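Structural overview for review
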Amino acid sequence: MKTLETERLILKKWERRDGEALFSYAKNPNVGPHAGWKPHENVKESRRIIKELFIPNDVWKIIWKEEDRIIGSIGLEKDKRRPGVKSFELGYSLAEEYWGRGIMTEAGKAVMRYAFMEMKAEVMSITTGPENLRSQSTIKKLGFKYEGHERYAYLVYDGTVRDTLVYSLLKDEYFEGSEL
């Protein structure tokens, strides 16, 4: 996993010492629940998430260059819907005060370029809840195509099960529409 850079962002591998920075936005009840995870309760929990989820997987911290501040995360994991296919699922979160600035679209494009060009992905997918209109907007800006609505498909932290909207982008579609 390499460091990625865009005009306004640096995407780097998480370190355990980043726990306070993660906690600063992950404690916000407007951030995690949209993605199905509970707001973090303390810095110790944020450090555990970094150690157990972010570091072992391809998850980058998003650094806002202007302030040299960690403001979110973006990552790739194996696509569980496509076993045996070189496919990755994209996931992300962003501090609320940075919403509406095109940051996740910018970060997403960098990660997609990395996945298709360097990891040789054949397809990428992403899911979101029907109520998460902001994420749906980002997903469309990134060029993903709507596949369908999965009913009762995602168990979230509070024990409820949510519907998900599923999107994907094939390698050929990426290269046809990409601004490499």
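Below, the structure is looked at part by part. (Residues numbered from 1 in each chain as written. Predicted model: local features only at pLDDT ≥ 70, side-chain atom pairs only at ≥ 80, totals over all residues. Heavy atoms only, no water.)

**Some thoughts on helix H1 (residues 19-26)**
Condition: Exposure is judged per residue with a 1.4 Å probe applied to protein chains only, and the accessible area is read against the type maximum: over 50% gives exposed, under 20% gives buried, and values in between give partly exposed. Helix and strand labels come from DSSP, where a helix needs a run of H or I of at least four residues and a strand needs a run of E of at least two; each type is numbered from the N terminus. We call two residues in contact whenever any of their non-hydrogen atoms come within 4.5 Å of each other.
Of the positions making up H1, those classed as buried are Gly19, Leu22, Phe23, Tyr25 and Ala26. Where H1 is buried, its residues meet helix H3 (43-54), strand S4 (69-78) and strand S5 (87-94).

**A few points about the nonpolar core**
Rules: Throughout, nonpolar core names a set of buried Ala, Val, Leu, Ile, Met, Phe, Trp, Tyr and Cys residues whose side chains join them through atoms within 4.5 Å.
Within the largest apolar cluster, 46 residues are counted, with the highest numbers of intra-cluster contacts made by Leu11, Ile62, Ile74, Leu76, Leu90, Met124 and Phe144. Considering every element that reaches this core, the biggest residue donor is helix H4 (residues 103-118), with nine residues. Ignoring anything within four residues of it in the chain, the contact list for Met124 reads Leu76, Ser87, Phe88, Leu90, Met112, Ala115, Phe116, Phe144, Tyr167, Ser168 and Leu169.

**Things to note about the sheet that holds strand S1 (residues 4-5)**
Cut-off, in case you're wondering: Think of it this way: DSSP has to see at least two bridges between two strands before they count as a pair.
Here we have eight strands laid out as an open sheet, ordered S1-S2-S3-S4-S5-S6-S8-S7, and mixed in their pairing. Each edge of the sheet is formed by a strand with only one pairing partner; in this case those strands are S1 and strand S7 (145-155). As defined by bridge partners, S4 adjoins S5 across seven bridges and the pair is classed as antiparallel. Each residue of the ladder has a partner; that of Lys78, found in S5, is Phe88.

**Quick notes on the packing of aromatic side chains**
Condition: Classification of ring pairs rests on two measures: the distance between centres of Phe, Tyr or Trp rings, Trp counted by its six-membered ring, which must be within 6.5 Å, and the angle between planes, read as stacked under 30 degrees, edge-to-face over 60 and tilted in between. In our convention, an over-ring charge means Lys NZ or Arg CZ found within 6 Å of a ring centre and within 35 degrees of that ring's normal.
One pass over the structure, following the stated rule, counts six aromatic pairs. An angle of 20 degrees between the planes, with centres 4.6 Å apart, marks the rings of Phe116 and Tyr174 as stacked. Linking Phe116 in helix H4 with Tyr174 in helix H6 (residues 171-177), this pair joins segments that are 58 residues apart in sequence. An aromatic cluster is present here, built from Phe116, Tyr174 and Phe175 joined pairwise through their rings. Positioned over the ring face of Trp64 is Arg101, at 5.6 Å from the centre of the ring.

**Let's talk about H3**
Rule in force here: The arc in question is the one spanned by the directions pointing from the helix axis to the C-beta atoms. Residues adjacent in sequence count toward polar contacts only when both atoms are side-chain atoms; beyond that, a polar contact is any pair of N or O atoms within 3.5 Å, and within protein one must be able to donate a hydrogen and the other to accept it.
Within H3, the full set of buried residues consists of Glu45, Ser46, Ile49, Ile50 and Phe54. For H3, the arc enclosing every buried residue in end-on projection is 145 degrees, short of the 170-degree limit, so these residues lie on one face. Packed against the buried residues of H3 are H1, strand S3 (58-64) and S4. Its side-chain oxygen 3.2 Å from the backbone nitrogen of Lys44, Asn42 forms the N-cap of H3.

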